[in-house]
Amino acid sequence: MKNCRLFIIILFVAAQTFAQKDRTITFSGLFESSVSANAGAGEAPPVSYGLEEYANIRMQANIGEKATFFSAVNLLAAAGDYALKISAQESQYVMGIIDSGQNYASLMELERLFFRIKSETINFDAGLMRLPFGFSNVWGSCDFLNPKNPIKPDARPRAVLGGGLSWFPIDDFKLQTFAVSGKDPLDATGGIGGISIDRHWEKASVQTIYAFEHSENFPSTVSNPWTHRIGMSAKVDLELGFVLDMLYAINKDIKYGEDGLSLSAGFDYSLFNAKLIILAEYLYSGSASSTSIAGGGSFMNKNYLYGGITWRFSDFTNIGLSLISGFDDSSFMPITTFEHQISNGITLSVIAQIHIDKNLFNDDGNYGELGPRPFGINAGSYFNLQTKIKVKF
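Residues numbered from 1 in each chain as written. Predicted model: local features only at pLDDT ≥ 70, side-chain atom pairs only at ≥ 80, totals over all residues. Heavy atoms only, no water.

A.B. asks: Explanation requested: the overall build of the protein chain in the structure shown.
C.D. replies: Scanning the protein chain from terminus to terminus reveals three helices and 19 strands. Looking at the protein chain residue by residue over its 393 residues, the buried ones come to 42%. Taking the intrachain contacts of the protein chain between residues at least 6 apart in sequence as the baseline, contacts between residues at least 24 apart amount to 52%. When the accessible surface of the protein chain is split by element, carbon and sulfur atoms take 60% of a total near 20900 Å². (Helix = DSSP H or I, 4+ residues; strand = E, 2+ residues; numbered from the N terminus. Buried < 20%, exposed > 50% of the residue type's maximum accessible area, 1.4 Å probe, protein only. Contact = heavy atoms within 4.5 Å. Areas by Shrake-Rupley, 256 points an atom, 1.4 Å probe, with all protein chains shown as cover.)

A.B. asks: Teacher, can you tell me more about the pairing of strand β13 (residues 261–271) here?
C.D. replies: Taken residue by residue, a regular strand's side chains alternate between the two faces of the sheet. Examined bridge by bridge, strand β12 (residues 241–250) and β13 share eight bridges and lie antiparallel to one another. Pairing of Asp245 across the sheet is with Ser264, part of β13. Two strands pair when backbone bridges link them, and β13 and strand β14 (residues 276–285) are joined in this way by 10 bridges, in the antiparallel orientation. Paired with Ser270 across the two strands is Ile277, which belongs to β14. (Pairing = 2+ DSSP bridges.)

A.B. asks: Sorry, what's going on with the nonpolar core here?
C.D. replies: Nonpolar side chains tend toward joint burial in soluble globular proteins. Leu131, Phe133, Phe144, Leu145, Phe178, Val180 and Ile192 are the most contacted members of the largest nonpolar core, which has 15 residues in total. For Phe178, the contacting residues outside a window of four places in its chain are Leu131, Phe133, Leu145, Gly163, Gly164, Ile192, Gly193, Gly194, Ile195, Tyr210 and Ala211. Of all hydrophobic cores here, the second largest spans 13 residues; its members include Trp139, Tyr306, Met333 and Ile335. (Core = buried A, V, L, I, M, F, W, Y, C linked by side-chain atoms within 4.5 Å.)

A.B. asks: Explain a nonpolar patch on the surface to me, please; I cannot follow it from the model alone.
C.D. replies: A cluster of nonpolar side chains, contributed by Ile195, Tyr210, Phe212, Trp226, Ile230, Tyr248 and Ile250, occupies part of the molecular surface with about 590 Å² of accessible area. Broken down by secondary-structure element, the contributors of at least two residues to the nonpolar patch are β10 (204–214), β11 (226–237) and β12. Tracing the chain through its elements places Tyr248 in strand β12. (Patch = residues over 30% accessible without salt bridge, like charges linked within 9 Å, V, L, I, M, F, W, Y side chains within 5 Å. Salt bridge = Lys/Arg side-chain N within 4 Å of Asp/Glu carboxyl O.)

A.B. asks: Just to check I follow, could you spell out the environment of Lys252 for this structure?
C.D. replies: In this structure, Lys252 sits in the loop between β12 and β13. Counting along the chain gives 26 residues from Lys252 to Trp226, while the straight-line C-alpha distance between them is 8.3 Å.

A.B. asks: Quick question: what am I supposed to make of the packing of aromatic side chains here?
C.D. replies: Where two aromatic rings form a pair, the distance of their centres and the angle of their planes describe that pair. In total, this model carries nine aromatic pairs according to the counting rule given. Ring geometry for Phe70 and Phe114: centres 4.8 Å apart, planes at 15°, overall stacked. One end of the pair, Phe70, is in strand β3 (residues 67–80); the other, Phe114, is in strand β5 (residues 105–118), and 44 residues separate them in sequence. Judged by its relative accessible area of 16%, Phe70 is buried. (Phe/Tyr/Trp six-rings, centres within 6.5 Å; stacked < 30°, edge-to-face > 60°.)

A.B. asks: Looking at this structure, how should I read unusual backbone geometry?
C.D. replies: A negative phi angle characterises most non-glycine residues, just as the trans form characterises most peptide bonds. Even without a glycine there, the phi angle at Asp172 is positive, about 65°. Taking the relative accessible area as the measure of exposure, Asp172 reaches 48% and is therefore partly exposed.

A.B. asks: Help me understand the pattern of salt bridges, please; the structure alone is not making it clear to me.
C.D. replies: One side chain can pair with another of opposite charge once the charged atoms of both are near each other. With the rule as written, the count across this model stands at eight salt bridges. Lys148 is the partner of Asp143 in a salt bridge, and the nearest nitrogen-oxygen pair spans 3.6 Å. The class of Asp143 is buried, set by a relative accessible area of 1%. Across the pair Arg312 and Asp315 runs a salt bridge whose closest N-O atoms are separated by 3.2 Å.

A.B. asks: What's the story with the side chain of Thr68 in this structure? I'm lost.
C.D. replies: Among the structural elements, Thr68 can be located in strand β3. Taking relative accessible area as the criterion, Thr68 reaches 13% and is therefore assigned buried. Discounting chain neighbours no more than four positions away, the residues touching Thr68 are Gln60, Ala61, Asn62, Ile63, Phe114, Phe115 and Arg116.

A.B. asks: Just to check I follow, could you spell out the pairing of strand β9 (residues 191–200) for this structure?
C.D. replies: In this sheet, β9 lies alongside strand β8 (residues 173–181) in antiparallel orientation, the contact comprising nine bridges. Bridge pairing links Leu175 to Ile197 in β9. The pairing of β9 with β10 spans 10 bridges and is antiparallel. Across the sheet, residue Ile197 finds its bridge partner in β10, namely Thr208. Here β9 folds back onto β10 in antiparallel fashion, the turn holding three residues.

A.B. asks: Looking at this model, I keep getting lost on the side chain of Ser36. Mind explaining?
C.D. replies: Structurally, the position occupied by Ser36 is in strand β1 (residues 25–42). The exposure class of Ser36 is buried, given its relative accessible area of 5%. Residues in contact with Ser36, not counting those within four places in the same chain, are Ser48, Tyr49, Gly50, Asp81, Tyr82, Leu385 and Gln386.

Structure below.
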């Protein structure tokens, strides 16, 4: 915890330095207080619980008329299931400081640290930041630097370390070049570079992407260090809102061409003056694609479907039902969500997840990826319930 305290002191001193130089500096953030209950499968306890206190604190400082500095840190204290999850994923927190002591485990993670220089037609960003791609609502086939995972809808997208230069020659048109460090931070030869083009119209938007990556250590399924990615994303807002995301990975060691393809397509539609919202999106995830585990994503199989409906009782209360389906192994995950805005900036949310596969009914060893205990994993979950109080400040 000494390192955590030192980091907080440094952040405070930096903020005071900015303030003393008459720069405009603002703080904002999010606080979440969560409790969970879990019905365990396999070697997990039959019933377990978790407690978590999380805060995301953001700072923004204007530097002159054209430059802005951004930073954000995650502060977390956890016990029970939440602490076990931190321990299991400790290798992912290369930007964080983890401390496990009596009563709780704590984490401090650097989330954002970058600056932006703006002019009328050019933006330059550099540092620890997010570079999102694609218009997908669920799977994010094009978003290979910050992969989505609908199984963990509250997961915070991680940043990348690098820079991006954006040019806006005309309205609704952007040409962006970017260069970031490789996905393995210990690979001194790794790196990713690329270019994207965005064009927007009143009812449609299109984005094209090309990226190349050099890495001796990633992905694990190939030995050739060079990987190229070509992608396209489009959305059209008519009576239905259509979206298409596709990203194709090319590497000499990818044996079958379709293994490098991640493609998602779907629609959203609203009824009854936007009180009822319907969302559906299909994913094909090749075994070496951006959404596969081997390619840096989260999924083992190839064919998935997300379907969800949300009913808005009012501007303050809504309930949602969704189903994630894995067709290859017949596994499913129903998710129920409830949100109510208690007052301005304070929201109560409840999320319930159920895990279903063939083995749940037949006890025949046919474990599914979305089931209670995926194949090769000793401990899992039949049912998980999370309740959160979210405070924005």
